[in-house]
Every structure is written in structure tokens, then in C-alpha cells.
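# Reading the structure
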Amino acid sequence: MNDETRRNIATLITDEDSDARRHAAEDLGSERGLAAIAALAAAIQDANKGVRDTACRSLLSIGGPGAARAVVEYVASREIVTRNLATDLLVKIGEPGVPALLPYLRDTDHDVRKAVVDVLGLIGPAVPVTPVKDLLADDDSNVVVSAVEALGNMRNPGAVPALEKTYERCDYARPEVAEALGKIADPRSAAFVRERLAKALAGTGEDPLALLGLVEAAGALGDAGVVALIAAHYQAVPAGLRSAALHAIVRIAARTGAGYPRLADVRGTLLAMLAGADNAVAASAVAWLSTMDGEDVTAAMVRAYGASADLDALLAPVLRDRPEALGLMVRALEAHAGPTARGKAALLSQLVLARIRFIMRHGQSADDEGLIATAFDAVARAWDEGDQDTRSWLIDAMFRLDGDRAVQFLDAVLEQPDPWLRMHVIEVIAAIADSRAPVYIARFLNDEDEMVRELADNLLRAKGFVADEP
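Residues numbered from 1 in each chain as written. Predicted model: local features only at pLDDT ≥ 70, side-chain atom pairs only at ≥ 80, totals over all residues. Heavy atoms only, no water.

## Quick notes on the overall build of the chain
Looking only at helices and strands, the chain has 28 helices and zero strands in total. When each of the 470 residues of the chain is scored for burial, the buried share is 49%. Once local pairs closer than 6 in sequence are excluded, the contacts in the chain between residues at least 24 apart make up 64%. Surface accessibility of the chain: about 22200 Å² in total, with carbon and sulfur atoms responsible for 50%. (Helix = DSSP H or I, 4+ residues; strand = E, 2+ residues; numbered from the N terminus. Buried < 20%, exposed > 50% of the residue type's maximum accessible area, 1.4 Å probe, protein only. Contact = heavy atoms within 4.5 Å. Areas by Shrake-Rupley, 256 points an atom, 1.4 Å probe, with all protein chains shown as cover.)

## With respect to the packing of helix H1 (residues 3-14) against helix H3 (residues 34-42)
Taken N-terminus to C-terminus, the directions of H1 and H3 make an angle of 20 degrees; their axes are 10 Å apart at the nearest point. Between H1 and H3, the interaxial angle falls into the category roughly parallel. Handedness of the crossing formed by H1 with H3: left-handed. Within the contact between the two elements, H1 uses Ile9, Leu12 and Ile13 and H3 uses Ala35, Ala36, Ala39 and Leu40. (Axes fitted to C-alpha atoms, helices over the stretch in contact; angles between N-to-C directions. Parallel < 35°, antiparallel > 145°, perpendicular 65-115°, else oblique. Left-handed = near helix turned anticlockwise from the far one by under 90°.)

## Focus: the packing of H3 against helix H5 (residues 64-72)
The description of two helices packed together rests on the angle between their axes and the distance between the axes. Look at H3 against H5: their axes get within 9 Å of each other, and the N-to-C directions meet at 40 degrees. In terms of orientation, H3 and H5 fall into the oblique class. Like other packed secondary-structure pairs, H3 and H5 cross with a definite hand, here right-handed. Residues Ile37, Ala38 and Ala41 of H3 touch H5, and the partners they reach there are Gly66, Ala67, Ala70 and Val71. Of the residues belonging to the contact of H3 with H5, the class tally is six nonpolar, one polar and no charged. (Nonpolar A, V, L, I, M, F, W, Y, C, P; charged D, E, K, R; others polar.)

## Digging into the packing of aromatic side chains
Scanning all chains against the criterion turns up three aromatic pairs. With centroids separated by 5.4 Å and ring planes inclined at 85 degrees, the aromatic side chains of Tyr167 and Phe192 adopt a geometry described as edge-to-face. Note that Tyr167 is positioned in helix H11 (residues 160-169) and Phe192 in helix H13 (residues 187-201), a separation of 25 residues in sequence. For the residue pair Tyr167 and Phe192, the accessibility class agrees, reading buried in each case. Across the ring face of Tyr234, the terminal group of Arg242 is positioned such that the distance to the ring centre comes to 4.8 Å. (Phe/Tyr/Trp six-rings, centres within 6.5 Å; stacked < 30°, edge-to-face > 60°. Lys NZ or Arg CZ within 6 Å of the ring centre and 35° of its normal.)

## Side note on the side chain of Ser308
Here Ser308 shows up in the loop between helix H19 (295-304) and helix H20 (309-321). Of note is the side chain of Ser308, whose polar atom sits 3.1 Å from the backbone nitrogen of Leu311. (Polar contact = N/O pair within 3.5 Å; in protein donor to acceptor, adjacent residues only side chain to side chain.)

## A word on the nonpolar core
In this structure, Leu12, Val132, Leu163, Leu197, Leu246 and Trp288 are the most contacted members of the largest nonpolar core, which totals 118 residues. Examining the composition of this core, we find that eight residues originate from one element, helix H10 (residues 141-154), more than from any other. If we skip the residues at most four places from it in the chain, Trp288 touches Leu246, Ile249, Val250, Tyr260, Pro261, Leu263, Val266 and Leu270. Grouped together as the second largest cluster of nonpolar side chains are 25 residues, Ala380, Ile429, Tyr440 and Val452 included. (Core = buried A, V, L, I, M, F, W, Y, C linked by side-chain atoms within 4.5 Å.)

## Thoughts on the pattern of salt bridges
Tallied over the full model, the rule gives 17 salt bridges. The closest approach of N and O atoms between Arg113 and Asp139, which form a salt bridge, is 3.6 Å. Residue Arg113 is found in helix H8 (residues 110-123), and its partner Asp139 is found in the loop between helix H9 (129-134) and H10; the two are separated by 26 residues along the sequence. Asp139 gets classed as exposed once you look at its relative accessible area, which sits at 73%. For Asp296, the salt bridge goes to Arg267, with nearest N and O atoms at 3.0 Å. Of the two residues, Asp296 sits in helix H19 while Arg267 sits in helix H17 (residues 266-275), which places them 29 residues apart along the sequence. Asp296 sits in the partly exposed class, given a relative accessible area of 36%. Each of Arg78, Asp109 and Asp111 takes part in salt bridges that share partners, so that together they form one network. (Salt bridge = Lys/Arg side-chain N within 4 Å of Asp/Glu carboxyl O.)

## Section: H19
Counting buried positions along H19 gives seven out of 10 residues, so the element sits mostly inside the fold. Looking only at H19, the buried set comprises Val297, Thr298, Ala299, Ala300, Met301, Val302 and Ala304. Gly306 lies just past H19 and shows a positive phi near 105 degrees.

## Details of unusual backbone geometry
The phi torsion at Arg155 lies on the positive side, around 55 degrees, for a residue other than glycine. As for its position among the elements, Arg155 is in the loop between H10 and H11. Of note in the backbone geometry, Ala185 takes a positive phi value of approximately 55 degrees without being a glycine. Here Ala185 lies in the loop between helix H12 (174-184) and H13. Of the residues examined, Ala185 reaches a relative accessible area of 48% and is grouped as partly exposed.

## A few points about the confidence of the model for the chain
Averaged over all residues, the pLDDT of the chain is 83; the fraction at 70 or higher stands at 85%. Every residue in residues 337-342 scores below 50 in pLDDT, and together they form six contacts with partners more than four places removed in sequence or on other chains. (pLDDT = per-residue confidence, 0-100.)

## Some thoughts on the environment of Val281
Looking at the element boundaries, Val281 is found in helix H18 (residues 279-289). With residues up to four places along the chain from it excluded, the contact list for Val281 reads His247 and Met273.

Written out as C-alpha cells, the structure is:
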């Protein structure tokens, strides 16, 4: 150990200046000696957050078994900040830290056993199964549940027999056992889940949480036989669990290519799933509802649009193809005015455009023409509240809906004397693909403001037009 390292260790341990301790912790990040690592591990208890954070970064930079051995003892700390930092570091160190963690699975403190098995579960498949399986017989229920969850994350089929016994023995751990078996996705685990689900659906008095765990596990496993099983007993499924059952069916259908069974009273549950906060469940609702006709379904899809980008990606092509979608989207666009709804207005404008392009490719009726005119009015009303990105979409929408009216609208907007507004509109118009855009930009080559003229000229040249050529 050189003198500089000794000084940094001494500073980190004893200096009263937190900045000095922080700099020492940073400098020790390049060391590999045991003394430096031990000092850094002790520094995760420092009273100063900056020192703690720097010590954690240095320990991660060092990594390996040495850092794990130094940190693992702090999992037993009674200070929650220290304990959380230690467990987080051990998760990030990962597989090299497993040997340092395993002895603590036998610690006399159940909180330590739980914390360590949680870390091992997050490290995952690299962890040996046997020491974790042993905790399934622990006398603390929280430790048992954590061990079950860890085995699920480890995804080792060797854990299945022990998990099956735990399901039978520990009622409180059944939901977690079912989830773990679904993650392991072994033929034996699939058979067990299917068997227990059949008994539960047949009315054996299974706890609702355990039933939920079995249903969700069945969905994760993609067992095609479960679809018929759920369908046969669907009316017996508690109302609060029906969305989980339908979600499982959709997941299984996606994996196996199976169709959706005919179930009574399913429409209302699917609509409720679509309106819920869980995006994965809502996505399953979209998949099933897209096979159903009806304005109520389309209206629910329009209401759900904008909740998340992933859900929008599923909804957009479905709504584009539904005949009643345009009228519902236009009405929704009219209803979403004002600054608090500008994001929804922009998204609906995009959706309206997609539906209109579809109509124009496949022919339109007189009713569609009226809706397109109404759509233009709704889009134009959103202009005043729109930010720059929103206005880009709105102008694009107006040109696509009715180019002549778009020009009239923009002429009215640009009657205002502010040259910065004209420049902004020119930039937005230049970004759209409409063939009339360059013609409109050219109108500003003779603007009274030099900046506006210069911008128009530059944008036209960028598009391949030269101002002094016809």
C-alpha cells in the first residue's frame, strides 16, 4: 500500500470535512487492496449522502468478490439507508458476489436471511438452487415467500418439486408459488398449475389470491389446454378475477395461435379492462375487442387512445379500420380543447388523419365528407392552445384534410404583425410532405421582414427550389 492510499483511507475514515471524505472515496475507486475496499464499504454508513454515493460508485468500479465480501456484512445493519445501499450494491455486483452471500442464508436473524435471498433472487439464474430451496422450510413466513420469489426468478426446473410441496404446505405462499412456477415454465410446473387451476375452478374453495396466481401463471405458461378449462368454468370465476382470466386467455392465444372462446358476459369485462390502469391488461382487451363490432367498443378505444405509446400503437391500426371511428374521433377531438388537453388533441389529430387516409384509399361517402369538414374545424380550433410540436401536426392535418381551407386559415393567422410567428409557421409548413407547402412558403419571399424572407429562401433551397427560378 503506498502513502497516497494510506492518506486517502485515513481521510475517508477520520476527516471532518465531507468534501475531503468524498474526494478520498473517489480516489480509492482505482484501488484493489483489502484495506481500501473495507474503508469504502464502511463509508456507505457516512452521514453525508455525497460521501455515501461516491463510496458506492467506487465499490462498483472495483466490483468482484472482494467488494461483495466487504459489503455483505452491512446487510445486517439496523440503519435502513445502509442496509438498502448494501443490498443494492450486491445486486449490481451480481454473480461474483454470490459466494459472499450464501453463508448469510443461515444467519440467525430472519431479516438478514430475507434480505440476502431477495438479493440472490435478483441476481437470478447464476445462483445455486439448493441453498435457496432450503429456506422453503424456514420458520419465518416472510423468508419462505422471498425464497419462493427468488426460485421463480432463478428459473431452475430443479426447484419445481420443492415449490409444489410448498404450495400444499403453506397456504400463505400459494400466490407466489404459482407465479414462480409460471416463470420457470417447465413441463412439470405447467402440469401442476393446470391441475390446481382445474380444482380451483371446479369450486374447491381456493383462496381468491391463489386462484389469481394460478390464472396468471397459466397465462405466462401459454398452456393451450387452459383456455378450454377457463371457458368451461368462466361463470364460476369471481367477478374480480375475470379480467385476469381473460388476460390469460389472450396471452395463451398469442403464443399458440388459438382463437378466443365464446363466453357470455365477456364484453363488459373487456371494456373495463381497456379503461384500467394496467397497460398489459388493456392491451389484451384491445386484442379481443378488435374482433367485436359495435360503436360502444370503438368509443371505448377512442377514449383509451393517448394513455400510453405502447397502447396507442395497438389501437391506431384497429381504429383506422373501424367504420364508425371517424365520427367518434372527431367528436372526441372537439371535446379535447384547452391547454390541459393539448397532448390528447395532437394524438387524436394523428388518429383522425390515419382514418381519413384509409377512407380516401377505399372510397368515401357523403357522410365521410361532412365528417372531414367537421374534423378540419376541430383541428383548427386546437391551434391556439397548441405548442410547437402540436401545431406541426395540426398544420399537417389541415393540409391533408382540406388544402385550400388550410391556406385560408394560415393567411388569417399570419395577418398578425409578429414576424416570429410567421417564421414559426414557415418552419412548420416546411416540415410537412404536402406538395403545396413550397408554393405557400414562396409567398414569404417578398415579406416586409428580412428575417422572414431569408428563412423562406433557405427553406425553399433546402427543398431543391431556387428563388429566382420559376
